[in-house]
Amino acid sequence: MRGMRDVTANDLARIRADLAVARDGLLARSAAEVAEILGGVGARFADPSDPLRRAALEGLPAEAALSPPLAEAVLDGMAVDWTAARLVRLLEAEFDDPRVLDRFVVRNGSAASDHGEQDGGRRGRTVRAFGPSLCVQISSGGVPGVSVNALIRSLLVKAPTLIKPGAGDTLLTRLFAEALADVDPALGAAVAVRYWRGEERDVTAAALDGAEVVVAYGSDEAVRSVRNLTPATARFVGYHHRFGIGLVGREALGAGVEKVAAHVARAVAMFEHRGCVCPHIVFVEEHGNVVPEAFAELVAGALEGLERRWPTDGASGGREVERAALVQARGTVELQEAAGAARMLHGHEASWTVVFESDLVQLPQLPGRSVRIRGVSDLDDVPAMVGRAGRHLQSVGYAGDERRAMGLAEALTRAGATRIVPFEHMSFPPAWWLHDGRGPLETLVRWAEVE
Amino acid sequence: MNCPAVDGQLQAWSDDDFGAMAREVFSWQFELCQPYRGLCERRGITPSSVSDWREIPAVPSTAFKYFDFVSVPDDFAGEGLDALFETSGTTQGSERRGRHAVPRASLYRASFHHPFRLALLPDVERMPVVSLIPSVDEAPRSSLSSMVEMAVEEFGSGVEWLVDGDGVWRADAVDVLHASQTPVLILGTALAFLHLLEQFAEGSVRLADGSRIMETGGFKGARRSVARHELYTSISVATSVPEHRIVNEYGMTELLSQMYEPVLAEGPDAQGWHVAPPWLRVRILDPTSLAEQGEGEEGIIAFFDLANLGSVSHIVTEDVGVIEGGRLRLMGRAPGSNPRGCSRAMDDLMSASGSGP
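Rules behind the numbers
- Residues numbered from 1 in each chain as written.
- Chains lettered and ligands numbered in written order.
- Predicted model: local features only at pLDDT ≥ 70, side-chain atom pairs only at ≥ 80, totals over all residues.
- Pairing = 2+ DSSP bridges.
- Helix = DSSP H or I, 4+ residues; strand = E, 2+ residues; numbered from the N terminus.
- Axes fitted to C-alpha atoms, helices over the stretch in contact; angles between N-to-C directions.
- Contact = placed C-beta atoms within 7 Å.
- Buried ≥ 20, exposed ≤ 12 C-beta atoms within 10 Å, placed from the backbone.
- Domains from an automatic or database assignment.
- Nonpolar A, V, L, I, M, F, W, Y, C, P; charged D, E, K, R; others polar.

Novice: Mind laying out the sheet that holds strand 8 (residues 243-248) of chain A, listing which residues take part and the relevant values?
Specialist: Residues and elements named next belong to chain A. Pairing is mixed in the open sheet, where seven strands are placed in the order 10-11-12-9-8-13-14. Where the open sheet ends on each side, the last strands, each with one partner, are strand 10 (342-346) and strand 14 (419-422). Averaged over all pairs of adjacent strands, the angle between strand axes in this sheet comes to 20°, irrespective of strand direction. Both strand 8 and strand 13 (residues 393-399) contribute to a ladder of five bridges, which runs parallel. What sits directly across from L247, in strand 13, is Y398. The sheet strands contacting helix 17 (residues 402-414) are strand 8, strand 13 and strand 14, and the helix crosses strand 14 at an angle near 145°.

In structure tokens, the structure reads:
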């Protein structure tokens, strides 16, 4: 249930003790074996005949405030990465030889135990990677499936994990953990899924006690709050607020421009604008065959079309407080329109909104499925605009000449972005993506070396 | 035109009387406030086209963060504003603040006086005030501080300021309450009362009978969410002021008029229902169509405040509520409708000098 607390500060000592016991069971397995088991559970979420998927699809719309068709699209997109093959590939992408999670390995050589000794240090370093003895993950609720990803990452590095899913993301996390416990009790015992409200700082503080690694997702404020409660002996990994932008070059504004607009619309709609992978502002180059304002109209048309496929109604139609926020934002944009600085296109019953900005304008955060579109004379000007926003910039969607992409990528990543991606792949980064600039597994482990 | 009396018992104004004044106010604001006029013209609405005050365009309260709505004649420019209020931000300052210009404080004072008397001092002329809200010297941009200052001037027989502009409490805050022998009026926000309660860790204070409390600010933006009932019970236990002598005030920086729950005059049954003065009209709008909702139907709260003469009077808020029997019940506000850190990050991006058209 959304918002229901199911743990107290006192319960946490027992949970910690149980997880400590479960660590031996985890360490007795190979990383490859763990990936195999997790992948077996994950694949069930993609199988239409599986009751696990059906349970997920039944509860997801209400909990995540997504319409049922969009909830299904989100689950499909997420579950792609929950298969054994993808998880093995994730391990390989991060560790070259994932056996380093199982025992000491001579880097660039075979496992040390195969030979029992090193070759005078010339063959490489004898190293081993350990997941934390206790990993505490404080996740956020905007995008369902993020907490399952967090859980998978922990277990792949064999870290017993206490996870607090986001308020809108408890269902998938619980279903995954329960299914895991069914198929493999030893692995299942290494996971505790508990929910409490972020404001209950006493519970958070008690949860972090004894952690070797603390991972926090969420707004800057939420991440700061967890960081301040993290013990000095624990490593802190923070995934603070991020947002995406988009770049459309003039080469993409000729034949096929409708397709580009459709890709932009899908990237905007996929998580109802909640994700760091959603483009919040799209910069469109001037002097193409289609002018930026016309491109904004195409995106608006695509969003209106998506309304039939993925309705917004689950997102905000029935929620008066969210609708009130939309009224505030649209009303403020209308004042900018009256001042000649912007033009707004929006759904009526539907909550999608496109704002085309003809001048530098400041706007409130547009809630729901929405995007701001601005013309620029040259895409090369965009990196210089990023400025301080670089600390919050993550994904950059791109459509245009591929030869220009590398130059733009250099400048944009220098400014803070960590991911340049075609719009059509923007919503679902692969499991092995450099999440906010770091390998998601590598950032969890502690290395050890025998010299 | 005939101006309905503002003093006395605050009799309700007829819709005709209110509407006539509202249209006159609209003409003034349409003429003098450029961003507002732009919005009205865009919608094809002018003072001469309006037959009912409800047709007058409303601005969202959020827009006070992005536009300066000032309705003053050109020859006013040299005289300066009497006040410029700002909405409170977070301690990190990551949120943009709304600004409300007040050309003439006299109207603000006039709209404050009688509703406050009726809600807080229906039975006595003056009483000692204890403020958990900083003074105007400490917080010159706070409309709430300004209001408390007016309360002290017009209804106070002495005042103790317990909190400074940085939110730091006087070391002897609890002693001040212990020392009071006569009935006092305590003014504070919900958050301030939570802080005060923490200082009462050892027992409570017995305030003289006839003491009363005004609580405002609700829990908007507060990190700790404690149910209101829980808060009032705790305050009552700590101070021995009965729960039904705690008056909730509903106001906002963007409005110069205030609403109160008339519990002192009417008793506990009035709890939870706010009363507007005659020059402030409250409506509930459907969240999607923005059509006016009927009695008892939940929706977005909109105000037409004649006291806002110097800015814009018709305002749609982000609060949700319901009206019954002419009284307003507050239901809530979009939680985190503006994710912190996010809006500022976007501001950072959009304020950079890009290529203009």
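Novice: Give me the lowdown on the environment of E254 of chain B, citing residues and values where you can.
Specialist: Residues and elements named next belong to chain B. Positionally, E254 belongs in the loop between strand 8 (246-250) and strand 9 (259-260). Overall, the presence of 26 C-beta atoms within 10 Å leaves E254 in the buried class. Each C-alpha atom of the pair E254 and S311 lies 9.0 Å from the other, and the pair is 57 residues apart in sequence. Those residues in contact with E254 that sit more than four places away from it in its chain are S61, F64, G98, H100 and I315.

Novice: A description of the pairing of strand 11 (residues 299-305) of chain B should follow, citing residues and the corresponding values.
Specialist: Residues and elements named next belong to chain B. Among the seven residues of strand 11, seven are classified as buried, and the element is accordingly described as predominantly covered. With six bridges joining them, strand 10 (residues 280-285) and strand 11 adopt antiparallel strand pairing. Bridged to I284 within strand 11 is I301. Of the strand pairs in this sheet, strand 11 and strand 12 (residues 314-324) are connected by five bridges, and their pairing is antiparallel. Residue pairing for strand 12: G299 is matched across the bridge by G321.

Novice: Describe the domain arrangement of chain B, naming the residues involved and giving the relevant values.
Specialist: Accessible area lost during the coming together of the parts is what is often quoted as the interface size. Residue and element names in this part refer to chain B. You can read the domains of chain B as domain 1 (1-97 + 278-348) and domain 2 (105-271). Counting residues at the interface gives 22 residues for domain 1, matched by 20 residues for domain 2. If you tally residues by element for the side of domain 1 that touches domain 2, the top one is strand 2 (residues 83-86), at four residues. When its residues are assigned to classes, the side of domain 1 that touches domain 2 shows 14 nonpolar, three polar and five charged.

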